[in-house]
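# Structural description and commentary
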Amino acid sequence: MGLIENIKEYQHNFAGNSNREKAYLSFLNKGFPTTKNEEWKFSSLKKIISHDFTIEEKGLKLSKEEIDHYSLNFKHQILFINGTLTSKPNINGVRINKYVDDSPIFNSAFSALNAACSNIGYEINVDPNTIIEEPIEILFLTKNSSNNFIQYRNKIVIGENAQIKIVEGIKNLSDKYCFTNMHTNIKLDKSSNIEFNKLQNNTNSQITIDETNLTQEKNSNSTVNTLLFGGMFTRNNLNFAQNGERCESNMNGVVILDENEFGDNHTYMDHKNANCESNELYKGIYLGKSKGVFNGKIMVQPDAQKINAFQANNNLLISDNASINSKPQLEIYADDVKCSHGCTIGQLDENALFYMNTRGIRKEDARAILTFAFASEALEKISINKIQDLAKKLIAEKLKVDLSF
Amino acid sequence: MLKIDNLKAGIEGLEILKGINLSVKKGEVHAIMGPNGSGKSTLSSVIAGNDNYEVNSGSITFEDEDLLDLDPDQRAHRGVFLSFQYPVEIPGISVSNFIKAAITEKRKVLGLEPITAKDLLGKMKEKMDLLDMQKGYLSRNMNEGFSGGEKKRNEIFQMAMLEPKLAILDETDSGLDIDALRVVANGVNKLKNSENATIVITHYQRLLDYIIPDYVHVLHNGRIVKSGGKELAHELEKKGYDWITKEADKKWG
């Protein structure tokens, strides 16, 4: 049958809800993107969607040990198990609830599909002037007896002068495919601040489509750190819109993939107002037969003068069979702006490897140290030590070395 | 300690070393001098194990072990150290982390207990004082943005930390002003003892005013064409290389 047929069979679940039906029709109209679509040119879903999926299946029971194993043990934790919100923290000035949204807002096939049938998600409202130092961990765990298609729809609203940090992770505990279509909208009020860390050390049975949209009011500051360390197929769509002056948007990414893993980071920075800044740094490391895509678009609208926009995408191809397609895109309609972008694709420096070798460092370790050094510039942007340390550990694992960087 | 026997080696099919014979005992300092293109750097690269060079025949033994059978890291673990003519910049790795990785690995291979952070730092401070290095050095990225002199000093610093049995200093004097030269040479002299040996590779005699060699060898066209005591260096300084190279060319053509 395939996923599209599975979805058609699921349709009766939202029949009669006009917003959802509208979204559904839009999805059917668009269909799943194919490689003929410029934005999906190197990211083929064909094989994946030919499989059958159950939609929002109840799932198998998880033991406490399993939950503890995947938990990052932050003080504040929002936990979803098989699509059910099972625990949430009590934090002064922060309201956290189950979120069901059927507003027909979508700009792509996947966001339309999400709007049509998602019933799962969280909503976080941070009161003005509330500063939460301790990160909020959001964990989505699933375990299923058959291939499962699951859609989350989330919303974060941060009040004026408020600050929060988020760590988000998805984990599929079974060897059946879990196809996650995640949609998160984040609204930052004036002078607010968010650091959102996406930890995507997914298993090779996890398929992820993620869309995260941030809209920022004046003087707000946002940072999204994407750590894409595994997963059969991952597509991240990260979109920033600056609705006021003096906003700052930062996106940092470290991608390290091996074997047949696929990872695609699409970012869109919309500079709509003057005197704003954006910084983008993505580091990609590709081993085995892994494939990567980077597509970073920066838009500077006509009235957005005095913009400082920086973008860099640096890639290391460790194996001859790995590949990366990198595409920076700048569209600038204002005349007083500073925009720079750079994209590099290279291999490890053989001279540096030999140099380290002569100092007694084994080839494997020298490679790992150089690779880690390559990624470190982006890793250093993470303000949460625990996440930085975990990232270092995961990178060492991925490079199959017993080193602490 | 080191015995090189009729070594022939080259790069991309071109033979550069055409039969080198050299014997170095512990406690000795040997200087290898020669004009540009004589094969000095090829010799040091082959001893260190750079696999861009092919060894066609001959042997290198180090403490009765065939060095050519070992990878560069294994040679380092046995106690061979090469101070590079052009040290490599490694962005993203601090000097202290680099040294830590090198020492940790060596101790692991030799079956020694890992060095404690405190001991390591203490040792680094001691060796930095020896080489008149500023504190900030350790947190800077390996050779990144270093001046020529700083790079060479960093090489000798690594040598001081790794305590090799055989140190090969490849054109360590190039890029050094006279004050830096004095500091670096002083460092090398202080590290010298009766158990280790040094090979100084240089084009000019001036480094040998500070590091006094026991033997001087002249390398020309891939062969050691003349050997002598330290006075040979002074003679070369006065008379140049021509008188030796002409004689040699007559002999080998």
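What comes next is a walk through the structure. This one's a predicted model, so the numbers in the text were calculated from it and none came from an experiment.

What counts, and where the lines are drawn
Residues numbered from 1 in each chain as written. Chains lettered and ligands numbered in written order. Predicted model: local features only at pLDDT ≥ 70, side-chain atom pairs only at ≥ 80, totals over all residues. Heavy atoms only, no water. Pairing = 2+ DSSP bridges. Helix = DSSP H or I, 4+ residues; strand = E, 2+ residues; numbered from the N terminus. Axes fitted to C-alpha atoms, helices over the stretch in contact; angles between N-to-C directions. Patch = residues over 30% accessible without salt bridge, like charges linked within 9 Å, V, L, I, M, F, W, Y side chains within 5 Å. Areas by Shrake-Rupley, 256 points an atom, 1.4 Å probe, with all protein chains shown as cover. Salt bridge = Lys/Arg side-chain N within 4 Å of Asp/Glu carboxyl O. Contact = heavy atoms within 4.5 Å. Buried area = accessible area lost by both parts, 1.4 Å probe. Polar contact = N/O pair within 3.5 Å; in protein donor to acceptor, adjacent residues only side chain to side chain. Nonpolar A, V, L, I, M, F, W, Y, C, P; charged D, E, K, R; others polar. Left-handed = near helix turned anticlockwise from the far one by under 90°. Buried < 20%, exposed > 50% of the residue type's maximum accessible area, 1.4 Å probe, protein only.

Residue and element names in this part refer to chain A. Ordered by their spatial adjacency, 10 strands build an open sheet running 3-2-6-8-10-12-14-16-18-20, and the pairing between neighbours is mixed. Looking at the sheet topology across the chains shown, the edges are occupied by strand 3 (84–87) and strand 20 (337–346). Sheet twist, expressed as the average angle between the axes of neighbouring strands with direction ignored, equals 10 degrees. In this sheet, strand 12 (residues 221–230) lies alongside strand 10 (residues 193–201) in parallel orientation, the contact comprising nine bridges. Residue pairing across strands places I194 opposite S222, the latter belonging to strand 12.

Moving on, we come to a nonpolar patch on the surface. A cluster of nonpolar side chains, V109(B), L110(B) and L112(B), forms an exposed patch at the surface whose accessible area comes to about 260 Å². Inspection of the secondary structure puts L110(B) in the loop between helix 3 (95–109) and helix 4 (117–130).

Attention now moves to the interface of chain B and chain A. Many descriptions give the size of an interface as the accessible area lost when the pieces come together. At the interface, 28 residues of chain B touch 18 residues of chain A. Each partner contributes to the roughly 1,900 Å² buried at the junction of chain B and chain A, and carbon and sulfur atoms together form 64% of this total. Taken as a group, F84(B), V88(B) and E105(B) account for 25% of the area that chain B buries against chain A, more than any other trio of residues on that side. Seen at the junction of chain B and chain A, the total is two salt bridges. Between chain B and chain A we count nine residue pairs in polar contact (both at pLDDT 80 or more) in total. Within the residue set of the side of chain B that touches chain A, elements represented by two or more residues are helix 2 (72–78), strand 6 (80–83), helix 3 and helix 5 (148–162) of chain B. Of the residues that constitute the side of chain B that touches chain A, the class distribution is 17 nonpolar, seven polar and four charged.

Here the focus is the packing of helix 3 of chain B against helix 5 of chain B. All names here are of chain B. Contact geometry for helix 3 and helix 5: axes closest at 11 Å, N-to-C directions at 35 degrees. The two elements helix 3 and helix 5 meet at a crossing, and its hand is right-handed. Within the contact between the two elements, helix 3 uses V95, F98, I99, A102, I103 and K106 and helix 5 uses N154, F157, Q158, M161 and L162. Of the residues that constitute the contact of helix 3 with helix 5, the class distribution is eight nonpolar, two polar and one charged.

Residues and elements named next belong to chain B. As summarised here, the arrangement of the six strands in space is 6-7-8-3-9-10, forming an open sheet in which the pairing is mixed. Edge positions in the sheet fall to strand 6 and strand 10 (223–228), since each has one partner strand and no second. Between one strand and the next, the sheet's axes are offset by a mean angle of 20 degrees, whatever the strand orientation. Here five bridges tie strand 3 (residues 29–33) to strand 8 (residues 197–202), and the two strands are oriented parallel to one another.

The subject of this paragraph is the pattern of salt bridges. On inspection of all chains with the given rule, the structure shows 29 salt bridges over all chains. Here E168(A) and K198(A) are joined by a salt bridge, their closest N and O atoms 3.4 Å apart. One end of the pair, E168(A), is in strand 8 (residues 163–172); the other, K198(A), is in strand 10, and 30 residues separate them in sequence. Of the two residues, E168(A) and K198(A), both sit in the buried class. E155(B) is the salt-bridge partner of R359(A), the closest N and O atoms lying 2.7 Å from each other. Taken as a pair, R359(A) in the loop between helix 6 (350–358) and helix 7 (363–379) and E155(B) in helix 5 lie in two separate chains rather than in one. The exposure class assigned to R359(A) is buried, which follows from its relative accessible area of 1%. Taken together, the shared-partner salt bridges connect R362(A), E364(A), D365(A) and E105(B) into one network.

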